[in-house]
Amino acid sequence: MLLSCTDVRKTFGDHVVLDNLGLEVAEHEVVALIGASGSGKSTLLRCVNLLTGIDDGTIHLDGEEITDPKVNPDLVRQKIGLVFQSYNLFPHMTVLDNITLAPTRVHGKSATEARELAMQWLDRVGLADKAKAFPDGLSGGQQQRVAIVRALVNSPRLLLLDEVTSALDPELVGEVLSMIRDLKAEGMTMVLATHEMGFAKRVADRVVFLDAGRVLEQGPPAQVLGDPVEPRTRQFLARII
Ligand code: ADP
Ligand code: MG
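The name an unreviewed UniProt entry assigns to the protein is Peptide ABC transporter ATP-binding protein, from the organism Actinoplanes awajinensis subsp. mycoplanecinus. Per UniProt, the comment on the protein under Subcellular location (unreviewed entry) is "Cell membrane". Under the Sequence similarities (unreviewed entry) heading, UniProt states for the protein: "Belongs to the ABC transporter superfamily."

Listed below in structure tokens is the structure:
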């Protein structure tokens, strides 16, 4: 397994947000996390990226226990890309500078190497002509694709996507989805939180339904979304469709 979360418990005060959660993700697999608002999807992604500590349990990436306190979180984050709902590009920096910032400042790449990598990626996603533009000169969909490229230049083993299409106008969602599908075709391992079931159905190998910080049900998209076993999954799907 590329990612193994075992008995992960996360609390905020006396609020249990992740409750002995288990999740395994194989290399090249695309897993969609669904569940009501507040069910713990974002918290889980943040725990995997070590943005927040866990209270109990373990998380392994590629065989290494990344929740071991001796592990350097910066080295782990180099292997895990995380993209949020709001793209968080720096408005005062060009697209190219946004992308090369972390590789040069944090990950020790030379400016030339970082720029070459960034341009390769921008070219692949059809945004090479935007390299010198500032974020506000781009559409929301283009900005989100740049945010994904920014995560990809570190050549992560795992890409975590948190509601990456939620802030977009409907007509801009397609270009981001299509980028994610291309990444899937290239074998990128991804865990994505989404409330768009159409997206989950089209891109995911497996859908995981979180309920109150636990994995209540999981399986192929057609089964979980089309014929769920658990009453709570049915209720959730009935509410959002
Ligand atoms: P989801 O992404 O599924 O909507 P979240 O992971 O954002 O769910 O939130 C799960 C629960 O954890 C919510 O009840 C939320 O209020 C709580 N929570 C998340 N982050 C914090 C925080 N930093 N401090 C306190 N409570 C938090
Ligand atoms: Mg969330």
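There's more to say after this.
(A) Here's a closer look at the site of ligand 1. Contacts to ligand 1 come from Phe12, Val17, Gly35, Ser37, Gly38, Ser39, Gly40, Lys41, Ser42 and Thr43. The dominant element in the shell around ligand 1, judged by the number of residues it contributes, is helix 1 (residues 41-48), at 3 residues. Taken together, the residues that form the shell around ligand 1 break down as 2 nonpolar, 7 polar and 1 charged.

(B) Up close: the sheet that holds strand 6 (residues 80-83). The sheet built from 6 strands is open, its strands ordered 6-7-8-3-9-10 with mixed pairing. Both outer strands of the open sheet, strand 6 and strand 10 (214-219), are each paired with one neighbouring strand and no more. Across the sheet, the mean angle separating the axes of adjacent strands is 20 degrees when strand polarity is ignored. By the bridge criterion, 5 bridges tie strand 7 (residues 158-162) to strand 8 (residues 189-193) in an arrangement that is parallel. By the bridge assignment, Leu160 is partnered in strand 8 with Val191. Packed onto the sheet, helix 5 (residues 140-152) meets strand 6 and strand 7 and runs at close to 165 degrees relative to strand 6.

(C) Highlighting the sheet that holds strand 1 (residues 3-12). Pairing is antiparallel across the open sheet formed by 4 strands, whose spatial order is 2-1-4-5. In this open sheet, the two strands that pair with only one neighbour each are strand 2 (15-25) and strand 5 (64-65). Pairing geometry for strand 1 and strand 2, over 7 bridges, is antiparallel. Looking at the pairing, Cys5 lines up with Leu23 of strand 2. Sheet strands touched by helix 1: strand 1, strand 2 and strand 4 (56-61). Its angle to strand 2, the strand with the most contacts, is close to 65 degrees.

(D) Layout of the packing of helix 5 against helix 6 (residues 170-185). Orientation of helix 5 relative to helix 6, taken along the N-to-C sense of each, is 20 degrees, at an axis distance of 8 Å. By the angle class used here, helix 5 and helix 6 are roughly parallel. Helix 5 and helix 6 meet at a crossing whose hand is right-handed. Between helix 5 and helix 6, the residues in contact are Gly140, Gly141, Gln144, Arg145 and Ile148 and Leu172, Glu175, Val176 and Met179, respectively. Here the residues of the contact of helix 5 with helix 6 sort into 4 nonpolar, 3 polar and 2 charged.

Rules used throughout
- Residues numbered from 1 in each chain as written.
- Chains lettered and ligands numbered in written order.
- Predicted model: local features only at pLDDT ≥ 70, side-chain atom pairs only at ≥ 80, totals over all residues.
- UniProt positions renumbered as here; feature names shortened; annotations may be inferred.
- Near = placed C-beta within 6 Å.
- Helix = DSSP H or I, 4+ residues; strand = E, 2+ residues; numbered from the N terminus.
- Nonpolar A, V, L, I, M, F, W, Y, C, P; charged D, E, K, R; others polar.
- Pairing = 2+ DSSP bridges.
- Axes fitted to C-alpha atoms, helices over the stretch in contact; angles between N-to-C directions.
- Contact = placed C-beta atoms within 7 Å.
- Parallel < 35°, antiparallel > 145°, perpendicular 65-115°, else oblique.
- Left-handed = near helix turned anticlockwise from the far one by under 90°.

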